[in-house]
Amino acid sequence: MTSNTARPIERYISPMIASQLPDVYREEGPAFVAFIKAFYEFLEHEMSPIGQSRRLLEWRDVDTTLDQFVSHFVAKYATGLDAGLVADGRQLVKNSGSLFASKGTAAGLELLFRLAFNADVSVRTPSDNILRASAGLWEVPRYLEIEANDLSPLMVGETVVGSDSKASAIVEDFLRRQVGGKIVNQLLLSNIVGNFVVGERIVCAAVFDAMSGPVVVGPTSSIRAVSSGLDYAVGDTLSGIDGTGSGARAVVVRVGPRSGAVDYNLVSGGSGYTLDATVTITQTGNTVPAITEAAGRVSRLSNTSVILVNADLLTAFDAVPLNAAAYGFAKLPAANVNTILDAALTTNAIEVGTIESIVFAPPGSGYSGAIQIAVVEPRVAPFAVFDPIDGSRMGNNAVVEGFAQIGRGAIEQLRIVDSGLGYQHNEMFNMVRTAPTVRNDAVLVQAFNETQGFGQGSWRRTDGFLSSDQFLADNHYYQEFSYEINTAVSMSRYADIVRRMWHPAGTKMFGKAVVDLQINADLQITSAAASTL
Amino acid sequence: MSTPSSIGMLDSSELDFGGVRDRLIAFLQQQDRFRDYNFEGSNLRVLIDLLAYNTQMHAHYLHMVGSEMFLDTAQLRESVVSHAKELNYVPRSVSSAVAFVDLVVNVPAGPDRPETVVIPRYFPLRSLVGGVAYMFTTDDIVIVRRSSGYRAQNVPIYEGEVVRDFHEVPATGDGQYLIGAGADISSVRVHVLPSSASSPKEAVEWTRATSVAGVRATDRAFFVQAASSGEYQIVFGNGAVGLPVTPGNVVRVTYRLAAGSAANGLSSFVPMSAVDGFAVGVENVDASRFGQEPETIEDIKFRAPRFFATQDRAVTSDDFEVLLTSKFPGLEAAVAFGGEAASPPAYGKVFISAKPYGGTVLPNTSKRAIVDFVKSRSPLSIDPVYVDPDFVFVGVRTNVKYDAARTMSVTDLRSSVQLAVDAFGSANLNRFKAALRRSRLIAAIDDSSPLIVSNDTRVELIKRLSPPIRSDVTLGASFRNSIDVTSQHPTVYSTPFWYQTADGSVLFVRIEDDRRGRLMIVHSDSQGSKRTIASNVGTVDYAGGTVSIGPLVVHQYDTPWIGLHVVPARDDVVASSNQVMTIASGDVEVNVEAVSVP
């Protein structure tokens, strides 16, 4: 059995001659031993046959072969490349496989230029800039908003599944975006099959343990017009202007008439109001036979501040004697004359401010002429606190002129075109018309976060754009089978080599000289300049 | 010159015995112990001679080994084949000649005539030429139908004795499955039987793979690689790329032992057996061709590195050419050029043209096979298109002056010149991208006989036109070499043909140019006076080398074709694109003139 361990070839045997001969030769014939040894030294000299034959394995290796043998390697492994293409034949032989295998590719051309000219090169394909009718690709981003999770970025590139809906999609990207004062976690999706639902978990086995993925919280996938003015038209575009999110956009898809709906002019927003203020609507003047009543509520405040108010008003305890055993306060029903007020009474912190807008939903119908609209804040008005500016009674000082709304173009249905980010489910917020013209009065809408949302969309390429960076095909430069080499090397130097070694037959080559700028960045600061600094 | 330090050192390039001996003596004399020895003394001289011979033998051996180490210097076929193996190149084997025949089964008339008769694979036919018999066989099953008169048309039959070898896979699984020298490896078919006890019906055919690309672990594929002494070896998969054979299997290898080019040109075939009791006849024979010897050592050394450079992909024009000549042994030459070089440009296309050995045009099946082959190796968006070679004939008119004082018959001299021109054409033309250098042709004519003092030789390019007669035709000819426009004589002209004039008379005319780019029809009367019959029957683009004729009505021509001659503007003409220049004997005119040489 032979050993697999290769023994190195002994380069010199002459020192072993004496020990290899029988003793009798060493004792009786030292001259003979010396003669044999000398002969072996003669043979083993570097330039002698034996000396060289012991180096045959070195010569088989292109890195260790003799310089004069490199051309043989080139002839075998790099034929066609030997015409003065590369000074270092060893390097050429070692790279020829890569060069041959990458013919016709940009990487192959880069390698060829690196080997041949030690120069950078890039390839441009004019076919990328050919005008193609109807070739535009409209891309609408689709996404989910999810709860914060440190592992969320690892979902990029993975397929995710909704735990309840079983909808699936590939995560293209994960973004953390700041919207107002909060962070929104956004998963950009592609290849969506089915519809995710808000509230379910994202299942991604490659990242999370089963059922421990983040919960879907948004975005807004549909929107409802709660109230609007008149004279809107189908196709009008609205943009969100407030709310907890940002960027929502919608288009009007249906409008309808209003016959005696409640509308108003806010003469003064007053002060001390909350969003829960009571709105009372009363038809004045003309007697209207059939009214469908409207319901109003404050939808937006400004100049807000937080105040503390007592919730246990004395009027509710008119019949309770002071010496009663228990007054029956909500906070402490057993409280009586001996109890300290702080323990007995309920105090609420409420946000109050000036009314900015009122919503009438439903807006009602059948109203006519002037309508009385009274807005009272029941948690503030009873205290008869007077506004220090105008002396009016806070919580009951808003001045609203009501009137019956009669006309066309009230928004009845909206379609969302950009889900925006960060809106809460069921949240109401205001939108204003931004196209075709800007309108300042707001439309109150309600957001519904139910499934994946989508962005506004954009054209991915400009292939079909007239007067852009696209050109008409000319069957010369602008055609499907041309390419342009951009390099600092003169085309006269490389054209033949490229044609022979790389050029895909059937295509047309163009060359473009680019200036190889090398900026000397050495800074020389004189003492005067330095002192100026 | 030896430096003191190198005195006595032997250079491995030293192969002369005397030199080796002198250097050995010089080396020994440098050593103190042997400085005073008399190396010319008889005993020591014998010893020195012996060692010098030994050294010389080592040096010679080293030279041989060194030579065989590299592909471009190797001399032994085994070495060259081994180097080619490293480059993934399988040298071409001998190729069977193929003839195309109609096979007719003679089924007697009667009510029980079968619907079909099946001619089995390897149905034998014999051709006997000069006392040598060549065996031909069909390569596939041929089904002949009653509806076609029991005739199978254009059936390829291949020369070679069909041999069947059986190899039992040894227990180690790594058997040697050699195919003998002389086998046409394109004919190899491999069947594997489960065991030696299996019936032939259990044999499963395996297919030959020429590349590991696309071969799956479960594919029944085999590879063929060159072995020593002109043999080839069948290699099976290893379980990762292709299924392996298992110990106990029996490998049945069927192939043809071909005679190569010796079997070309045969056109008489006799069936060696009947089919189902019916005699078989052979009709409409297209003579055998494409028989080819095994690839020579020089060819392997030339093609293997170029095949490696293709990486089995057809990207550059050179790739197409190398792959075609490697894959199709019957092609003498192939050319490919991208559509960007065509006129008008046809981007996205690659035009391929090939010239078979001993022929001019390939059969359609071969053209389709070529296109299919390169399509599978070229970029997806590139469309390979086959075009036939465009033959341009070279007319040679030489006026030879010879020494009148020396004796040789004029006929012999003419023959010598004719042979020299033919040889020049064979050596330098008849292929794509060939160039005709007039100076070398003149030299070849000068060298054809020691009697020749000088020669004045002119060349013309000729296209053979075969227009339909008595109908309007438009003809075009592209010579792709610029045409002389400086001469006082016509530089574009045709051979004579019959032309009917407006008054109804039929004249023997020819086409000539007016050196201003227009073609006219001229008639020469018996006194040699020329008369223009029609003044504008075509145009000439002298710079581009194209001639457009027509519309024109040719009444008749007495020759197989009308020759359209042009005088090239330059002494050297080059065949480009799919052009092939060739010298036909009939286009060589040799005039001799005796002169006195002082």
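Rules behind the numbers
Residues numbered from 1 in each chain as written. Chains lettered and ligands numbered in written order. Predicted model: local features only at pLDDT ≥ 70, side-chain atom pairs only at ≥ 80, totals over all residues. Heavy atoms only, no water. Helix = DSSP H or I, 4+ residues; strand = E, 2+ residues; numbered from the N terminus. Contact = heavy atoms within 4.5 Å. Areas by Shrake-Rupley, 256 points an atom, 1.4 Å probe, with all protein chains shown as cover. Buried < 20%, exposed > 50% of the residue type's maximum accessible area, 1.4 Å probe, protein only. Phe/Tyr/Trp six-rings, centres within 6.5 Å; stacked < 30°, edge-to-face > 60°. Lys NZ or Arg CZ within 6 Å of the ring centre and 35° of its normal. Salt bridge = Lys/Arg side-chain N within 4 Å of Asp/Glu carboxyl O. Buried area = accessible area lost by both parts, 1.4 Å probe. Polar contact = N/O pair within 3.5 Å; in protein donor to acceptor, adjacent residues only side chain to side chain. Nonpolar A, V, L, I, M, F, W, Y, C, P; charged D, E, K, R; others polar. Pairing = 2+ DSSP bridges. Axes fitted to C-alpha atoms, helices over the stretch in contact; angles between N-to-C directions. Core = buried A, V, L, I, M, F, W, Y, C linked by side-chain atoms within 4.5 Å. Patch = residues over 30% accessible without salt bridge, like charges linked within 9 Å, V, L, I, M, F, W, Y side chains within 5 Å. Parallel < 35°, antiparallel > 145°, perpendicular 65-115°, else oblique. Left-handed = near helix turned anticlockwise from the far one by under 90°. pLDDT = per-residue confidence, 0-100.

Caption draft 1: Representation of the overall build of chain B. Of regular secondary structure, chain B possesses eight helices and 32 strands. In chain B, of all internal contacts separated by at least 6 residues, the share reaching a separation of at least 24 is 68%. Of the roughly 28,400 Å² that chain B leaves accessible, carbon and sulfur atoms contribute 51%.

Caption draft 2: View of the overall build of chain A. Counting its secondary structure elements, chain A contains 11 helices and 22 strands. With 533 residues in all, chain A has 43% of them scored as buried. Of all intrachain contacts in chain A linking residues separated by at least 6 positions in sequence, the fraction that spans at least 24 positions is 71%. For chain A, the exposed area adds up to about 28,400 Å²; of that, 53% sits on carbon and sulfur atoms.

Caption draft 3: Fine view of the environment of Phe386(A). All names here are of chain A. Relative to the helices and strands, Phe386 resides in the loop between β15 (370–376) and β16 (399–418). On a C-alpha basis, the gap between Phe386 and Asn396 in space is 9.7 Å, while along the polypeptide they are 10 residues apart. Among all residues touching Phe386, those that are not within four sequence positions of it are Gly391, Ser392, Arg393 and Met394.

Caption draft 4: Expanded view of the packing of aromatic side chains. Residues and elements named next belong to chain B. Counting across every chain of the model gives 31 aromatic pairs over all chains. Here the aromatic rings of Phe328 and Phe373 are separated by 5.5 Å at their centres, their planes lie at 90 degrees, and the arrangement is edge-to-face. Here Phe373 lies in helix α6 (residues 364–375) and Phe328 lies in the loop between α5 (317–327) and β16 (331–338), a separation of 45 residues in the sequence. Phe373 shares its class with Phe328; the two are buried. Positioned above the aromatic ring of Phe302 is the side chain of Arg306, whose terminal nitrogen or guanidinium carbon lies 3.9 Å from the ring centre. The ring of Phe393 is capped by Arg464, whose NZ or CZ atom sits 3.6 Å from the centre of that ring.

Caption draft 5: Looking closely at the pattern of salt bridges. On inspection of all chains with the given rule, the structure shows 50 salt bridges over all chains. Where Arg132(A) meets Asp463(A), a salt bridge forms, and the shortest distance between an N and an O atom there is 4.0 Å. One end of the pair, Arg132(A), is in the loop between β1 (121–124) and β2 (138–139); the other, Asp463(A), is in the loop between β20 (458–459) and β21 (482–487), and 331 residues separate them in sequence. Taking relative accessible area as the criterion, Arg132(A) reaches 24% and is therefore assigned partly exposed. A salt bridge links Arg35(B) to Asp32(B); the shortest N-O distance between them is 2.5 Å. With a relative accessible area of 42%, Arg35(B) lands in the partly exposed category. Here Asp32(B) falls in the exposed class, since its relative accessible area comes to 63%.

Caption draft 6: A look at the interface of chain A and chain B. In this complex, chain A contributes 47 residues to the contact, which on the side of chain B involves 54 residues. Of the roughly 4,200 Å² buried where chain A meets chain B, counting both sides, 68% is carbon and sulfur surface. Considering only the side of chain A, the residues that lose the most area to chain B are Phe35(A), Phe42(A) and Lys76(A), jointly responsible for 18% of the buried surface there. For the pair chain A and chain B, the interface holds three salt bridges. In this structure, the salt-bridge partner of Glu86(B) is Arg60(A), at a minimum N-O distance of 3.7 Å. At the junction of chain A and chain B, the tally comes to 14 residue pairs in polar contact (both at pLDDT 80 or more). At the level of elements, α3 (30–44), α4 (49–53), α5 (56–59), α6 (70–77), α7 (89–101) and α10 (491–501) of chain A are the ones that each hand at least two residues to the side of chain A that touches chain B. When residues of the side of chain A that touches chain B are assigned to their parent elements, the largest contribution, nine residues, is made by α3(A). Residues that form the side of chain A that touches chain B fall into these classes: 24 nonpolar, 16 polar and seven charged.

Caption draft 7: Fine view of the sheet that holds strand β22 (residues 508–513) of chain A. Residues and elements named next belong to chain A. In spatial order, the strands read β1-β21-β22; together these three strands make up an open sheet with mixed pairing. Among the strands making up the open sheet, the edge pair consists of β1 and β22. Pairs of neighbouring strands in the sheet enclose a mean axial angle of 25 degrees, with direction left out of account. Against the sheet, helix α8 (residues 106–117) makes contact with β1 and β21, and its axis sits at roughly 150 degrees relative to β1, the strand it touches most. Against the sheet, α10 contacts β21 and β22, and its axis sits at roughly 150 degrees relative to β22.

Caption draft 8: Quick look at unusual backbone geometry. For the bond running from Gly218(A) to Pro219(A), omega is 5 degrees, close enough to zero to count as cis. The linkage connecting Ala435(A) with the following residue, Pro436(A), adopts the cis geometry, with an omega of 10 degrees. Tracing the backbone through its elements, the reader meets Pro436(A) in the loop between β17 (428–435) and β18 (443–448). A positive phi is found at Asp276(B), a non-glycine position, where the angle reads about 50 degrees. Assignment of secondary structure puts Asp276(B) in the loop between β14 (270–271) and β15 (279–289). The exposure class of Asp276(B) is exposed, given its relative accessible area of 58%. A positive phi angle is found at Phe290(B), which is not glycine, with a value near 70 degrees.

Caption draft 9: Quick peek at the pairing of β16(B). Residue and element names in this part refer to chain B. Counted residue by residue, β16 has seven buried out of eight residues, so it is predominantly covered. Where β16 meets strand β17 (residues 349–356), seven bridges bridge the pair, whose relative direction is antiparallel. In the strand pairing of β17, Leu331 is matched with Pro356.

Caption draft 10: The arrangement of the side chain of Ser127(B) in detail. Residues and elements named next belong to chain B. Its location among the elements puts Ser127 in strand β3 (residues 124–129). For Ser127, a relative accessible area of 1% corresponds to the buried category. Apart from residues no more than four positions distant in its own chain, Ser127 is found in contact with Val132, Ala133, Tyr134, Phe136, Leu266, Ser268 and Phe269.

Caption draft 11: Fine view of the sheet that holds strand β13 (residues 250–257) of chain B. Residue and element names in this part refer to chain B. Taken in spatial order, the seven strands of this open sheet run β7-β13-β9-β10-β11-β12-β8, and their pairing is mixed. Because the sheet does not close on itself, it has two edges, and the strands there are β7 (161–168) and β8 (177–179). Averaged over neighbouring strand pairs, the angle between their axes works out to 35 degrees when direction is ignored. One ladder, built from seven bridges, connects strand β9 (residues 183–193) with β13; its direction is antiparallel.

Caption draft 12: Looking closely at α10(A). Within α10(A), burial applies to Tyr494(A), Ala495(A), Ile497(A), Val498(A) and Met501(A). Residues of α10(A) that are buried make contact with α7, α8, β21 and β22 of chain A.

Caption draft 13: Expanded view of the nonpolar core. The biggest cluster of nonpolar side chains holds 91 residues, and the ones touching the most others in it are Val498(A), Val190(B) and Phe236(B). Top element by residues in this core is α8(A). It accounts for six residues. Residues Phe424(B), Ile452(B), Val492(B) and Tyr557(B) belong to the second largest nonpolar core, which totals 50 residues.

Caption draft 14: Inspection of a nonpolar patch on the surface at higher detail. All names here are of chain A. A contiguous nonpolar patch, built from Val24, Tyr25 and Phe32 and spanning about 270 Å² of accessible area, is present on the exposed surface. Summarising the element assignment, Phe32 is placed in helix α3. Assessed through its relative accessible area of 35%, Phe32 is described here as partly exposed.

Caption draft 15: Summary view of the packing of helix α4 (residues 297–310) of chain B against α5(B). All names here are of chain B. At a closest axis distance of 9 Å, the pairing of α4 and α5 adopts a crossing angle of 125 degrees. Taken together, the axis directions place α4 and α5 in an arrangement best described as oblique. As for the relative orientation of α4 and α5, their crossing is left-handed in sense. Contacts between α4 and α5 involve Arg303, Arg306, Phe307, Ala309 and Thr310 from the first element and Asp319, Val322, Leu323, Thr325 and Ser326 from the second.

Caption draft 16: Highlighting the confidence of the model for chain A. All names here are of chain A. The share of residues in chain A with pLDDT of 70 or more is 93%, and the mean pLDDT across the chain is 86. The element-level mean pLDDT for chain A is lowest in helix α11 (residues 527–532), coming to 38, with β21 highest at 96. Between residues 527–533, whose pLDDT stays under 50, and residues either more than four places distant or in other chains, the model counts one contact.

Caption draft 17: Spatial organisation of the environment of Ser53(A). Relative to the assigned elements, Ser53(A) resides in helix α4. For the pair Ser53(A) and Arg11(A), spaced 42 residues apart in sequence, the C-alpha to C-alpha distance is 9.5 Å.

Caption draft 18: Region of the structure containing the side chain of Lys76(A). Within the secondary structure, Lys76(A) sits in helix α6. Here His83(B) takes part through its side chain, which lies 2.8 Å from a polar atom of the side chain of Lys76(A). Residue contacts for Lys76(A): discarding those within four places in its chain leaves Leu71(B), His83(B), Glu86(B), Leu87(B) and Pro305(B).

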